[in-house]
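As a plain string of letters, each chain reads:
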Amino acid sequence: MRALQIAFAFLWVHCLRADQPDVLVYGATPAGISAALAAARDGERVLLVEPSGRIGGMLTNGLSCSQFRTFESLSGPFLEFAQRVEAHYRGKFGADSPQLRDSLRGTRGEPSVNLLVFGKLLDEQDRITLHTHWALEGVQLSSAGDDEDVSAQKMRAMEIALFYDESTGEYHSVPARYFIDATYEGDLIAAAGVAYKVAR
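Residues numbered from 1 in each chain as written. Predicted model: local features only at pLDDT ≥ 70, side-chain atom pairs only at ≥ 80, totals over all residues. Heavy atoms only, no water.

Participant: Even after reading the chapter, I still don't get the overall build of the chain, so can you show me in this structure?
Facilitator: If you tally the helices and strands in the chain, you get 7 helices and 7 strands. When the helices and strands of the chain are placed in sequence order, the string is α-β-α-β-α-α-α-β-β-α-β-β-β-α. Of all 200 residues assigned to the chain, the portion counted as buried reaches 40%. The contacts in the chain between residues at least 6 apart in sequence include a share of 66% that link residues at least 24 apart. Put simply, the chain shows about 11,900 Å² of open surface, and 53% of that area lies on carbon and sulfur atoms. (Helix = DSSP H or I, 4+ residues; strand = E, 2+ residues; numbered from the N terminus. Buried < 20%, exposed > 50% of the residue type's maximum accessible area, 1.4 Å probe, protein only. Contact = heavy atoms within 4.5 Å. Areas by Shrake-Rupley, 256 points an atom, 1.4 Å probe, with all protein chains shown as cover.)

Participant: Just checking my understanding: could you explain the sheet that holds strand β6 (residues 170-175) for this structure?
Facilitator: The strands making up a sheet associate through hydrogen bonds between their backbones, and the pairing can be parallel or antiparallel. Strand order in the open sheet formed by 3 strands is β4-β5-β6, with antiparallel pairing between adjacent strands. The open sheet has two edge strands, β4 (134-141) and β6, and neither has a second partner. Strand-to-strand twist in this sheet, taken as the mean axis angle between neighbours without regard to direction, amounts to 20 degrees. Relative to strand β5 (residues 158-165), β4 runs antiparallel, the two sharing 7 bridges. Counted as the bridge partner of Leu-141 is Met-158 from β5. (Pairing = 2+ DSSP bridges. Axes fitted to C-alpha atoms, helices over the stretch in contact; angles between N-to-C directions.)

Participant: Any chance you could explain the packing of helix α2 (residues 30-41) against helix α5 (residues 111-123) here in plain terms?
Facilitator: For the pair α2 and α5, the least separation of the axes is 10 Å and the interaxial angle reads 20 degrees. It follows from the interaxial angle that α2 and α5 lie roughly parallel. Handedness of the crossing formed by α2 with α5: left-handed. Every residue of α5 that contacts α2 at Pro-30, Ile-33, Leu-37 and Arg-41 is listed here: Phe-118, Leu-121 and Leu-122. Tallied by class, the residues present in the contact of α2 with α5 amount to 6 nonpolar, no polar and 1 charged. (Parallel < 35°, antiparallel > 145°, perpendicular 65-115°, else oblique. Left-handed = near helix turned anticlockwise from the far one by under 90°. Nonpolar A, V, L, I, M, F, W, Y, C, P; charged D, E, K, R; others polar.)

Participant: Where do I start with the sheet that holds strand β7 (residues 178-181) in this structure?
Facilitator: Strand order in the open sheet made by the 4 strands is β3-β2-β1-β7, with parallel pairing throughout. On the outer flanks of this sheet lie β3 (128-132) and β7, each paired with one strand and no other. On average, each strand axis in the sheet is inclined to that of its neighbour by 15 degrees, with strand direction left out of account. In terms of strand pairing, strand β2 (residues 46-50) meets β3 through 5 bridges, oriented parallel. In the strand pairing of β3, Leu-47 is matched with Thr-129.

Participant: It is not clear to me how α5 should be interpreted in this structure. Could you clarify?
Facilitator: Helical periodicity: at 3.6 residues per turn, an α-helix aligns residues three or four positions apart in one direction. Its 13 residues place the ends of α5 18 Å apart at the C-alpha level, agreeing with the 18 Å of an ideal helix rising 1.5 Å per residue. Every buried residue belonging to α5 is among Val-113, Asn-114, Val-117, Phe-118, Gly-119, Leu-121 and Leu-122, and all of these are buried. Packing partners of the buried residues in α5 comprise α2, β2, α3 (76-93) and β3. (Expected span 1.5 Å × (residues − 1).)

Participant: Just checking my understanding: could you explain the pairing of β6 for this structure?
Facilitator: Note on strand geometry: in a regular strand, side chains alternate between the two faces of the sheet. With 6 bridges joining them, β5 and β6 adopt antiparallel strand pairing. Directly across from Ala-161, in β6, lies its bridge partner Val-174. With antiparallel pairing between neighbouring strands as the criterion, β5 and β6 make up a hairpin whose turn holds 4 residues, including Gly-169 at a positive phi of roughly 80 degrees.

Participant: Any chance you could explain the side chain of Asp-165 here in plain terms?
Facilitator: As for its placement among the helices and strands, Asp-165 is situated in strand β5. Those residues within four positions of Asp-165 in sequence are excluded, and the remaining contacts are His-133, Trp-134, Glu-170 and His-172.

Participant: How should the nonpolar core be read in this particular structure?
Facilitator: Generally speaking, nonpolar side chains in soluble globular proteins are found buried as a group. If you look at the biggest cluster of nonpolar residues, it comprises 23 residues, and the most contacted ones within it are Val-25, Ile-33, Val-46, Leu-48, Phe-118, Leu-122 and Ile-128. Elements represented by at least two residues in this core include exactly β1 (23-26), α2, β2, α3 and α5. Setting aside its immediate chain neighbours within four residues, Val-25 contacts Gly-32, Ala-36, Val-46, Leu-47, Leu-48, Val-49, Ile-180 and Ala-182. Residues Val-49, Val-139, Ala-161 and Phe-163 belong to the second largest nonpolar core, which totals 15 residues. (Core = buried A, V, L, I, M, F, W, Y, C linked by side-chain atoms within 4.5 Å.)

Below is the structure:
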């Protein structure tokens with residue numbers, strides 16, 4: 001029965017093309033949130049999908065000690081994030097507070113504060129739609145020539161991602177122009193059949 005529901009969901013995807021996002025980011029990890037923000041600020045419509053109920057990955061789930069070598073090396077989205085965390089502690093506890101000092105310029109915020117900052121960053125972008133509790137069920141790739149043609153296989157591209165909404169029990173077929181896998185374990189690229197190796 002579940003296989004039939006999945007097949008049916010893929011069939012309905014052509015009805016959704018008018019509302020399709022330009023960019024689909026799977027995994028609201030710090031990298032996924034950064035990618036979504038960058039794409040939205042570039043004018044793209046972004047769908048950010050998180051399989052769990054909590055965005056922010058490790059930084060909002062307990063591992064709040066980010067690793068970097070020097071403050072001078074901080075730049076881009078992480079610098080912006082750290083500055084906002086630092087501003088939160090300064091505004092709430094004061095410039096001479098131990099909370100601000102312990103945040104190490106915003107790079108070691110508490111998980112709850114990191115979550116708050118990530119949420120505000122996303123809320124500021126009306127071009128980003130966030131869905132949580134959406135689990136990846138499968139992907140549909142474009143067909144490129146004869147299946148026996150190895151070069152044609154290499155040219156195949158992802159067209160649709162299918163998600164199961166665990167909170168409603170519904171399936172969602174989502175076509176997009178670009179797909180970004182921001183999960184920690186490469187779930188989206190694995191579903192697409194991309195070759196990979198275990199370890200570094």
